[in-house]
Amino acid sequence: KNIYMPVVNKALVKSVMAQCKELGKKFYFFSIDPKERTENYNPLASGGVSTKVDRIMTALKLDKEGAAGFFSGEQRTAFTAVLKGLIETGKNVNFKTVFGLLKDSAFLDSLGVDEKDVKGLVSAIGNIAEFPMINEDGIDLQQIMDEGSVVYFNLRPQISSQVAQAIGRMLMVDFKFW
């Protein structure tokens with residue numbers, strides 16, 4: 001079974017690691033705490049463009065209802081164009097790269113994307129782009145689930161509650177998908 005434990009308890013982590021070793025299962029540890037040794041987890045590494053857009057729009061609470069829904073739709077359309085453009089460049093798809101391209105006027109112009117349509121994304125993604133452990137490929141949730149491995153996500157809201165919540169929401173989107 002896959003295990004998700006939201007609170008760090010070093011004795012529990014060591015116990016789970018020992019049980020994984022005993023059962024021949026892989027154990028992965030992810031943390032947003034830069035002081036901890038962690039696996040990388042790039043939430044943008046898997047899925048198609050629409051899946052990535054959904055994951056980010058949901059995780060960063062950018063999908064709005066009512067009158068704000070129009071702007072959410074514009075943001076979603078712009079973000080879809082940016083991700084498609086990024087994939088075409090062959091660059092690694094991660095928050096740091098996306099953040100850089102969202103601020104690149106020439107790139108946005110080449111896609112026909114208006115800078116005002118991505119202002120909310122720039123603000124929301126800027127916080128996450130600073131965390132190196134979510135900008136490199138590493139933990140593949142689909143692979144972990146397929147092989148029956150265990151992953152411990154130490155989201156540490158005291159480090160950044162916004163990033164911890166966003167990663168938690170992205171994980172929930174991914175778990176619903178699988």
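## Looking at the overall build of the protein chain
Along its length, the protein chain carries eight helices and two strands. Listing the helices and strands of the protein chain from first to last along the sequence gives α-β-α-α-α-α-α-α-β-α. By element, 53% of the accessible surface of the protein chain is carried by carbon and sulfur atoms, the whole surface being about 9600 Å².

## Comments concerning helix H1 (residues 10-23)
The terminal C-alpha atoms of H1 lie 20 Å apart, and with 14 residues this matches the ideal 20 Å at 1.5 Å per residue to within 8%. Taken together, the buried positions of H1 are occupied by Val13, Val16 and Cys20. Angularly, the buried residues of H1 cover 65° about the axis, an arc narrow enough to put them on a single face. Among the exposed residues of H1, those oriented more than 90 degrees off its buried face are Ala11, Lys14, Lys21 and Glu22.

## Focus: the pattern of salt bridges
Counted under the stated rule, the structure contains six salt bridges. Between Arg156 and Glu36 there is a salt bridge, and its shortest N-O distance comes to 3.6 Å. With Arg156 in the loop between strand S2 (150-154) and helix H8 (161-177) and Glu36 in the loop between strand S1 (27-31) and helix H2 (49-59), this residue pair connects regions lying 120 residues apart in the sequence. For the pair Arg156 and Glu36, one class covers both residues: buried. Between Lys116 and Asp117 there is a salt bridge, with the nearest N and O atoms lying 3.4 Å from each other.

Conventions and cut-offs
Residues numbered from 1 in each chain as written. Predicted model: local features only at pLDDT ≥ 70, side-chain atom pairs only at ≥ 80, totals over all residues. Heavy atoms only, no water. Helix = DSSP H or I, 4+ residues; strand = E, 2+ residues; numbered from the N terminus. Areas by Shrake-Rupley, 256 points an atom, 1.4 Å probe, with all protein chains shown as cover. Expected span 1.5 Å × (residues − 1). Buried < 20%, exposed > 50% of the residue type's maximum accessible area, 1.4 Å probe, protein only. Arc of directions from axis to C-beta. Salt bridge = Lys/Arg side-chain N within 4 Å of Asp/Glu carboxyl O.

That is the geometry; function is a separate question.
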